[in-house]
Amino acid sequence: MIDRFFHTEDVNSENNNTPLDPHNIPTHIAIIMDGNGRWAKNKGLPRIAGHREGMKVINKVVEKADELGVKYLTLYAFSTENWKRPKTEVDFLMKLPERFLSKELPKLQKNNVKVRIMGDESLLPSHTVQAVRKAVEETSDNTGLLLNFALNYGSRHELVQMMKKTGEDIASGSINPEDIDEEMVSKRLLSNGLPDPDLLIRTSGEIRLSNFMLWQLAYSEFWFTEVLWPDFKDKDLIEAIHTFQQRKRRYGGV
Ligand code: IPE
Ligand code: IPE
Ligand code: MG
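Given the structure is predicted, the values throughout are model-derived calculations rather than measurements.

**Q** Lay out the nonpolar core in plain terms, naming residues and giving numbers.
**A** Counting residues in each nonpolar core, the largest one holds 46 residues, and the members touching the most others are Ile-29, Ile-31, Leu-73, Leu-108, Leu-147 and Ile-201. A total of 9 residues in this core trace back to one element, the largest contributor, which is helix H4 (residues 87–110). Filtering out sequence-adjacent residues up to four positions away, Leu-108 remains in contact with Asn-59, Val-62, Phe-100, Leu-101, Val-113, Val-115, Asn-142 and Leu-147. Counting 10 residues, the second largest nonpolar core, distinct from the first, contains Ile-32, Met-118, Leu-200 and Leu-217.

So, in structure tokens, the structure goes:
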């Protein structure tokens, strides 16, 4: 695909030879891990094989991001719209957090990684919630990279829930409409406590947000790649950060 999103500054053969500027590493990177199904299809495998392979990439990316000095990593693992998929695929996806954590939790511990979850837990199967909560609890004292899993996350759903709660708080008198400002809105979202992402990465060639962090990504830099998530390598992360470092963030200024 020839597309200006990919083939101007973004694919720069010099990128991987120039060292990264250690003073300009994105604090928070958010990734839409996409393309597992197509990866599997290309290999004549069932879609779930792509999810299994995609899961293996996560720890490598976590370790590399940590090594580079990234402080927050948000991974889009399951959207509020992904329930539309066939039941067998959804069931498999709901088992992935357990599989991932039972295998990788010791390594996450060793690397001082703190696990967090962002999404509507009420609709998740209890086995999924239990596995995630265990990881969140066991890593709660860790002080290294914060690994934030967006699981049953949808930005519009998050905003609707936030507005309902805020409406209730106004009705009960605990806040006044005049108190509402951008900071309060941010604090009432599921990403409370995390800075907005500096860099958004989406794999698999799709150029859309698919209901991901609409409020929080207002001033993030976007980087798209055709690489399918199971093929995502350290060099791709480095290239994304290189591109980020060449961007000029103006936030509406000059
Ligand atoms: C991303 O890969 C993983 C999830 C959405 C859970 P996909 O499953 O969306 O893969 P494609 O887009 O069909 O290739
Ligand atoms: C976005 O990918 C959700 C995750 C990666 C978890 P999708 O594959 O669900 O998005 P669409 O359907 O292509 O927009
Ligand atoms: Mg997809």
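**Q** Describe in detail the site of ligand 2, supporting the description with residues and values.
**A** For ligand 2, the full set of nearby residues is Ile-32, Met-33, Asp-34, Tyr-76, Ala-77, Phe-78, Asn-82, Arg-85, Arg-202, Arg-208 and Ser-210. In this structure, an oxygen atom belonging to ligand 2 sits 3.3 Å away from a side-chain N or O atom of Asp-34. Calculation on ligand 2 without its partners gives an accessible area of 390 Å², and the protein chains cover 78% of this total. The greatest single-element share of the shell around ligand 2, amounting to 3 residues, is contributed by strand E2 (residues 72–79). When its residues are assigned to classes, the shell around ligand 2 shows 5 nonpolar, 2 polar and 4 charged.

**Q** Can you tell me about the site of ligand 1, naming the residues and giving the values?
**A** Neighbouring residues of ligand 1: Met-33, Asp-34, Gly-35, Asn-36, Gly-37, Arg-38, Arg-47, His-51, Ala-77, Asn-82, Arg-85 and Leu-93. One of the backbone nitrogen or oxygen atoms of Gly-35 is found 3.3 Å away from an oxygen atom of ligand 1. Taking 380 Å² as the accessible area of ligand 1 by itself, protein coverage stands at 86%. Counting residues per element, the ones that place at least two in the shell around ligand 1 are helix H2 (36–42) and helix H3 (47–68).

Reading guide: rules and limits
Residues numbered from 1 in each chain as written. Chains lettered and ligands numbered in written order. Predicted model: local features only at pLDDT ≥ 70, side-chain atom pairs only at ≥ 80, totals over all residues. Heavy atoms only, no water. Core = buried A, V, L, I, M, F, W, Y, C linked by side-chain atoms within 4.5 Å. Buried < 20%, exposed > 50% of the residue type's maximum accessible area, 1.4 Å probe, protein only. Helix = DSSP H or I, 4+ residues; strand = E, 2+ residues; numbered from the N terminus. Contact = heavy atoms within 4.5 Å. Near = heavy atom within 4 Å. Polar contact = N/O pair within 3.5 Å; in protein donor to acceptor, adjacent residues only side chain to side chain. Areas by Shrake-Rupley, 256 points an atom, 1.4 Å probe, with all protein chains shown as cover. Nonpolar A, V, L, I, M, F, W, Y, C, P; charged D, E, K, R; others polar.

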